[in-house]
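Summary of the model geometry
Residues per chain are reported as follows:
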Amino acid sequence: MKKLIAAASFTGILLVSCTPKAATSTAAAGTSTSTAEQIAQGKTIFENSCGRCHKLPDPASHTPV
């Protein structure tokens, strides 16, 4: 009985993990929802944490998708 339960659980997990995921975020649709204030906060965080060792990437060198 334990083997049957284990096999059924494994099969259920396998089926759930293999199903395609629906894209629900607006970022997947290619639209930006960040406000100017959020972008400024992100830049400040990057400069204080990452900017010590890394340069801030140029946004013009990247595509939105």
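Now for a description of the structure that goes with this document. (Residues numbered from 1 in each chain as written. Predicted model: local features only at pLDDT ≥ 70, side-chain atom pairs only at ≥ 80, totals over all residues. Heavy atoms only, no water.)

**Re the overall build of the protein**
Looking only at helices and strands, the protein has two helices and zero strands in total. Counting only carbon and sulfur atoms, one obtains 66% of the accessible surface of the protein, whose full area is about 6,200 Å². (Helix = DSSP H or I, 4+ residues; strand = E, 2+ residues; numbered from the N terminus. Areas by Shrake-Rupley, 256 points an atom, 1.4 Å probe, with all protein chains shown as cover.)

**Description of helix H1 (residues 2-18)**
If you check H1, its first and last C-alpha atoms are 24 Å apart, about what 17 residues at 1.5 Å a residue would give, namely 24 Å. In terms of burial, H1 is a largely surface element, zero of the 17 residues being buried. (Expected span 1.5 Å × (residues − 1). Buried < 20%, exposed > 50% of the residue type's maximum accessible area, 1.4 Å probe, protein only.)

**Structural notes on the pattern of salt bridges**
Going through the model one piece at a time under the given rule, you end up with one salt bridge. Between lysine 43 and glutamate 47 there is a salt bridge, and its shortest N-O distance comes to 3.6 Å. You can see lysine 43 and its partner glutamate 47 sitting in helix H2 (residues 36-49), four residues apart, about one turn around the helix. Here glutamate 47 falls in the partly exposed class, since its relative accessible area comes to 41%. (Salt bridge = Lys/Arg side-chain N within 4 Å of Asp/Glu carboxyl O.)

**Some remarks on the layout of surface pockets**
Here the largest pocket is characterised by a volume of approximately 200 Å³. Taken together, Ile39, Leu56, Pro57, Asp58, Pro59 and His62 form the lining of the largest pocket. When its residues are assigned to classes, the lining of the largest pocket shows four nonpolar, one polar and one charged. (1 Å grid on protein atoms, 1.4 Å probe; cavity = no way out; pocket = protein on both sides within 12 Å on 5 of 7 lines; lining within 4 Å. Points joined across faces, edges and corners; volume = space filled by probe spheres on them. Nonpolar A, V, L, I, M, F, W, Y, C, P; charged D, E, K, R; others polar.)

**Looking at a nonpolar patch on the surface**
Taken together, Met1, Leu4 and Ile5 make up a surface patch of nonpolar side chains, about 380 Å² in accessible area. Residue classification places leucine 4 among the exposed residues on the basis of a relative accessible area of 58%. (Patch = residues over 30% accessible without salt bridge, like charges linked within 9 Å, V, L, I, M, F, W, Y side chains within 5 Å.)

**Considerations on the state of the cysteines**
All told, the structure shown has zero disulfides when counted by the stated rule. The structure places no disulfide on cysteine 53, whose sulfur is separated from the nearest cysteine sulfur, that of cysteine 50, by 8.8 Å. Relative accessible area serves as the criterion here: at 70%, cysteine 53 is assigned to the exposed category. (Disulfide = S-S within 2.5 Å.)

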